[in-house]
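# Remarks on the overall topology
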Amino acid sequence: MASSKTPLYTALAANLGIAATKFIAASITGSSAMISEGIHSLVDTLNELLLLLGISRSQRPPDQKRPFGYGREQYFWAYVVALLIFAVGGGVSFYEGMTHMQHPELIKDPFWNYIVLGVAFTLDGYSLITAWRAFNATRGDQSLWAAIKDSKDSATFTVLFEDASDVLGLIIAFLGVFLGHTFNNPYLDGLASILIGLLLVGVAVVLARESKSLLLGEGVSPQLSAQLVALTEADPAVLKTVQIATIYLGPEEITLVQSVNFHAELTTDAINQAIVRIHASIQKAFPEIKHPFIQPVAMPENSNMVLPRTGVSH
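How each quantity is defined
Along every chain, residues carry numbers that run from 1 in the direction the sequence is written. Note on the predicted model: pLDDT of at least 70 is required for a residue's local features to be given, and 80 or more for side-chain atom pairs to be given and counted; whole-chain, interface and lining totals, by contrast, use all residues. Only hydrogens and water are removed before side-chain values are computed, so all heavy atoms of the structure are retained for them. UniProt positions are given in the numbering used here, feature names are shortened, and annotations may be inferred rather than shown by experiment. The way it works is that DSSP assigns letters per residue, a run of H or I at least four long becomes a helix, a run of E at least two long becomes a strand, and they are numbered from the N terminus. Given a helix with a known number of residues, its expected span is that number minus one, times 1.5 Å. One speaks of a salt bridge when a side-chain nitrogen belonging to Lys or Arg is within 4 Å of a carboxyl oxygen belonging to Asp or Glu. Note on classification: 1.4 Å probe, protein chains only; a residue is buried when its accessible area is under 20% of the maximum for its type, exposed when over 50%, partly exposed between these limits.

### Remarks on the UniProt feature "transmembrane region" (unreviewed entry) in the chain
- Residues given the UniProt feature "transmembrane region" (unreviewed entry) here are residues 7–26, 76–95, 115–135, 156–179 and 191–208.
- The straight-line gap between the two end C-alpha atoms of residues 76–95 is 27 Å; of that span, 100% is helix and 0% is strand.
- From the first C-alpha to the last, residues 156–179 spans 35 Å; its make-up is 100% helix and 0% strand.

Laid out in C-alpha cells, this is it:
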C-alpha cells in the first residue's frame, strides 16, 4: 500500500494548533517543560510539511535526469525530519531544561498548563491512533519492531514515532508541572524538559537509522526474493536463475535485475519472448516491481547455487 497522507494531515492539524496553545500557556505560567513541548509541536508541524513535500516530489514521473523516477525523495526528506527532531526538537528542549535548572523559576499558576496539556493529549492521542491504524494496515502479523525494520514507507512510521513521542512528552511535561508545583520545586520542571529532549534525541536516532538504510538502498525480503525466483524458473524456457538483485526506489517501486540461464537450444527470438513472458508474470503478481530486467547468462560451474543478491534488507 502506498504512503497514506491521512496520518500526516491529522498530525499536521493537531500539532499546528497545539504548538500555538502551548506557547501561550508557557508565556503565562513560565513553565520550561511547556516551552519544550511547544518547540516539540512546532518541529513536528514542520516535519509533517516536509514529509508531505517528500511524498509529492517522489511521485513525479521519470525523466531524462532521473530515468528511474524520484521515489527516493521520500526517504531523503524522512532523513531530514530525523535530523530536525534531533537538532531542533531534542537539542533545544535539552538546552531549555538546562537553562531552567541553572536559573529556576517557580510556576505561577499551573491551571493553563493543565488545560493545554489535556487538549494536546486528546488531539495527539487521536493522531497517534490514526497513525497506528495506518501502520497496522501494512504490518500483518509481524511484531511492531520487525514491521518497522521491514517497512519501506518512511512517512508512515515517522509519523507513528512522532505521535508516540508527542504523547510520552506530554506525560513527562504533566509530571514536571504537577510535581514541580506540588512540591514547590522548580528543578522538577527543568528536569522534565531535559527528559523530553532526551526522548526526542532517542526517537531521532531510530528514525535516522531507518531512513538512512532506505536511502542507501534496501532489497526485498528473502521470502519475496524466493517467490520471484520461482516465478522466473516456472517459465519453460528457463533452466535456472543464477543471480537476483532488488532495490526499493520507493515504498511501492522496486527495481529487479536477474541473471538467468536459458536452455541452450533456444534461439535469440525465443529467449526474448521468454523474457517478455517472465516480466509480465512477475508484474502481474507483484505490481510494485516497476523495473524488471533479465540478463541471459551461461550457467556457472557451481550450478546448484543461486548467487547472493545485492541490496538486501537489514
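### What about helix H1 (residues 6–29)?
- If you check H1, its first and last C-alpha atoms are 34 Å apart, about what 24 residues at 1.5 Å a residue would give, namely 34 Å.
- Two residues or fewer after H1 comes glycine 30, characterised by a positive phi angle close to 75°.

### Digging into helix H6 (residues 154–182)
- With 29 residues, H6 extends 42 Å from end C-alpha to end C-alpha; this agrees with the ideal 42 Å at 1.5 Å per step.
- At the exit of H6 stands asparagine 184, carrying a positive phi of roughly 55°.

### A closer look at the pattern of salt bridges
- Tallied over the entire structure, the rule returns 5 salt bridges.
- For arginine 57, the salt bridge is made with glutamate 73, and the minimal N-O distance between the two is 3.1 Å. One end of the pair, arginine 57, is in helix H2 (residues 32–58); the other, glutamate 73, is in helix H3 (residues 73–102), and 16 residues separate them in sequence.
- According to the relative accessible area criterion, glutamate 73 is buried, its value standing at 17%.
- The residue arginine 60 makes a salt bridge to glutamate 73 at a minimum N-O spacing of 2.7 Å. Of this pair, arginine 60 sits in the loop between H2 and H3 while glutamate 73 sits in helix H3; the two residues are 13 residues apart in sequence, bridging distant segments of the chain.
- The class of arginine 60 is partly exposed, set by a relative accessible area of 29%.

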